[in-house]
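# What the coordinates show
Okay, here's what each chain looks like letter by letter:
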Amino acid sequence: MRFYELDREGRLALLKDHASLSDDEVEILRHGSGIDFRMADSMVENAVSFISYPLGIATHFTINGRDYLVPMAIEEPSVIAAASKGAKIAKVRGGFKAHADPSVMIGQVQVKDVRDAEKAVEDVMKSKDELLSIANSRSSLASRGAGARDLRCRAIDTSRGKMLIVELLVDVKDAMGANVVNTMCEAIAPRVEEVTNGRVLLRILSNYALHRLVKAEARFAREMVGDDAIEGILDAYAFAEADLYRCVTHNKGVMNGIIAVALATAQDTRAIEAGAHAYACMNGRYSPLTRWRRGSDGDLVGSIEVPLAVGIVGGLTSTHPMARLSLRILGVSSAQELACVMASVGLAQNFSALYALVREGIQAGHMRLHARKVAMLAGAEGSMIDEVARRLAREGNITVEHARRIIQAIENEGG
Ligand code: MEV
C-alpha cells in the first residue's frame, strides 16, 4: 500500500518502523503534542495560546543515494503530494544529487567615526589573530574543529559617511548559528574600538549566508515527463527568467517546499526566506532559484542553488518535541545533510508546480485532493475513497451530501 493510502495508524506504524521510534515518540505524533504553555510563555512575550499546522510526510525522496521520508508542515493542500510526485519521477534517474558547503556564517561589526579608514582596515587586519582568538574564547566550537575561522574588514560609503565593517566568518557546524555569531561579534567589539579608534554600533550576524550554499540537481526522465511537458517547463522557466512578476511566483513555489521542511524542523524560516531572496538577486536582477535545461539524452534536468542557514542542534530544533521527531524521521546527521534535503524538496516542488501548470493547470490537482477529503468526510474508506473522489470531480459537485449519495450508489451497485 502507498503511504497516502494508509490510514493514520498505518502511517504512524510505518514511521515507527522507518525511524525506529519509541512508543512514546509515536504517542507524541499521535497527539500532536508540541510545546506546552510554560515553554511558549518563556519563548515569546504576551503568550496566550498556540497555532498548529498539519504535519505530513513527503515520500520517494532519494538524495545522494539515500532514501528519506520528509516531514513537511504546511497549511496549503497539494504541496506534499507535489513534492512526493517530483521525487518519484526524479527517482527513476537515481534521485537528487546534492552538496552543501560547510556551515560558515558571517557576523558583522559596524564601526563609525573612524578618522583614517584605510589605516583602520590595515590595523584590524594586523589584529586578525587576536580578534579571532577573542571570538573563539566565547564558544566551544573551536575545540570541535570549527568556530571563527577568518576575519575581513572593509570600508563602505554610506549616506551618513564612511564606516568600517569588520566581518567574522564562523563555522557554526550543525547549528543555525545566530546566537554564537552574535556573541562573538559582541565579544570582539571593545577590541575593535581600541584598534580602530572608532565607535562600534551594530554587532550582528548577516542573514545573507552566502558561504552556506546548497546545490541540488535531478533528472526527470523524458519518457515519464513527455516532450510537450518538457518544452512547456522550459518555456515556463524562460518566462520566470524574463519577468519579475512570474519569477516571484516561481520562487514562491520553490519556497513552499523549503519552508515546509523548515517549519517541521523548527528552523528560522524568516532567515531562510530573507537569504534566499537576496541570493535570487545576486546578479543585480531577481532570478529563479532553480534552473531548467534539456540534457543531451532528452531528459529534463533541474538544479537549484540557494543559501540555507539551518541547524539540527540548538534553538528549538533540540527542544521542540515535534521538531526533534521530524529530525528523527529524516534521520539527518548534520546541518549540511538537512540543507541538502531542503534544497531537493524545493527543486521537486518547483518541478511539480511547473509540470501541473503547463498541463492541466494547478486547480485540477487541488480539486482532486479536495474531492478525496470530501469523500473521506462522507465516510468513504479504502479503495472507495478514490472512486468517490473521481465521481465527485467528474460530476463537478464536490460536497459531502453528494459524496454520501455516491457512496450509497456504489454500495447498491456492489450489493
Ligand atoms: C502555489 O503555492 C505555488 C505555485 O504558484 C508555484 C508556481 O506558480 O510555480 C503553483
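This text goes with the structure placed above it.
Residues numbered from 1 in each chain as written. Predicted model: local features only at pLDDT ≥ 70, side-chain atom pairs only at ≥ 80, totals over all residues. Heavy atoms only, no water.

Let's shift gears to the pattern of salt bridges. The tally for this structure, following the rule as stated, stands at 32 salt bridges. Between arginine 149 and aspartate 171 there is a salt bridge, with the nearest N and O atoms lying 2.9 Å from each other. Separated by 22 residues along the polypeptide, arginine 149 in strand 5 (residues 147–158) and aspartate 171 in strand 6 (residues 161–171) bring together distant segments of the chain. By relative accessible area, which is 8% here, aspartate 171 ends up buried. The closest approach of N and O atoms between glutamate 194 and arginine 191, which form a salt bridge, is 2.7 Å. Of this pair, glutamate 194 and arginine 191 both sit in helix 7 (residues 178–196), separated by 3 residues, roughly a single helical turn. Among the ionic contacts, a cluster of salt bridges with common partners joins Arg93, Arg219, Glu223, Asp297 and Asp299. (Salt bridge = Lys/Arg side-chain N within 4 Å of Asp/Glu carboxyl O. Helix = DSSP H or I, 4+ residues; strand = E, 2+ residues; numbered from the N terminus. Buried < 20%, exposed > 50% of the residue type's maximum accessible area, 1.4 Å probe, protein only.)

In sheet architecture, strand pairing relies on hydrogen bonds along the backbone and comes in two forms, parallel and antiparallel. Spatial strand order, 5-6-4-7: 4 strands in an open sheet with antiparallel pairing. Edge positions in the open sheet fall to strand 5 and strand 7 (199–206), since each of these has one partner strand only. The mean inter-strand angle of the sheet, taken between neighbouring strand axes irrespective of direction, is 20°. In terms of strand pairing, strand 4 (residues 104–112) meets strand 7 through 6 bridges, oriented antiparallel. Within the sheet, the bridge partner assigned to valine 109 lies in strand 7 and is arginine 203. Contacting strand 4, strand 5, strand 6 and strand 7, helix 7 runs over the sheet at an angle of about 155° to strand 7. (Pairing = 2+ DSSP bridges. Axes fitted to C-alpha atoms, helices over the stretch in contact; angles between N-to-C directions. Contact = heavy atoms within 4.5 Å.)

A separate point is the packing of aromatic side chains. Counting across every chain of the model gives 6 aromatic pairs. With a centroid separation of 5.5 Å and 20° between ring planes, the pair formed by phenylalanine 61 and phenylalanine 96 is classed as stacked. With phenylalanine 61 in strand 1 (residues 55–63) and phenylalanine 96 in the loop between helix 4 (79–91) and strand 3 (97–100), the pair connects residues that are 35 residues apart, well separated along the chain. With respect to burial, phenylalanine 61 and phenylalanine 96 carry one shared label: buried. Pairing phenylalanine 220 with tryptophan 292 gives two aromatic rings, centres 5.5 Å apart and planes at 55°, and the pair type is tilted. Of this pair, phenylalanine 220 sits in strand 8 (residues 213–220) while tryptophan 292 sits in strand 9 (residues 290–294), and the two are 72 residues apart along the sequence. (Phe/Tyr/Trp six-rings, centres within 6.5 Å; stacked < 30°, edge-to-face > 60°.)

Here we come to the sheet that holds strand 10 (residues 300–307). Across the sheet, which stays open at both edges, the 4 strands sit in the order 3-8-10-9 with antiparallel pairing between neighbours. Both edges of this open sheet fall to strand 3 and strand 9, since each of them pairs with a single strand only. When the angles between neighbouring strand axes are averaged without regard to direction, this sheet yields 10°. Of the strand pairs in this sheet, strand 8 and strand 10 are connected by 8 bridges, and their pairing is antiparallel. Directly across from valine 214, in strand 10, lies its bridge partner valine 306. With respect to the sheet, helix 9 (residues 227–242) is in contact with strand 9 and strand 10, its orientation differing from that of strand 9 by roughly 140°. Along the sheet face, helix 14 (residues 335–358) touches strand 3, strand 8, strand 9 and strand 10 and points at about 45° away from the line of strand 8.

As a further point, take the site of the ligand. The immediate surroundings of the ligand are formed by Glu76, Arg246, Thr249, His250, Lys252, Gly253, Asn256, Ala353, Leu357 and Ile362. In the environment of the ligand, an oxygen atom lies 2.6 Å from a nitrogen or oxygen atom belonging to the side chain of glutamate 76. Between the ligand and asparagine 256 there is a distance of 2.9 Å, counted from an oxygen atom to a side-chain nitrogen or oxygen. In the complex, the protein chains occlude 85% of the 300 Å² of accessible area that the ligand would expose alone. At 6 residues, helix 10 (residues 244–264) tops the list of elements feeding residues into the shell around the ligand. Of the residues in the shell around the ligand, the class split is 3 nonpolar, 4 polar and 3 charged. (Near = heavy atom within 4 Å. Polar contact = N/O pair within 3.5 Å; in protein donor to acceptor, adjacent residues only side chain to side chain. Areas by Shrake-Rupley, 256 points an atom, 1.4 Å probe, with all protein chains shown as cover. Nonpolar A, V, L, I, M, F, W, Y, C, P; charged D, E, K, R; others polar.)

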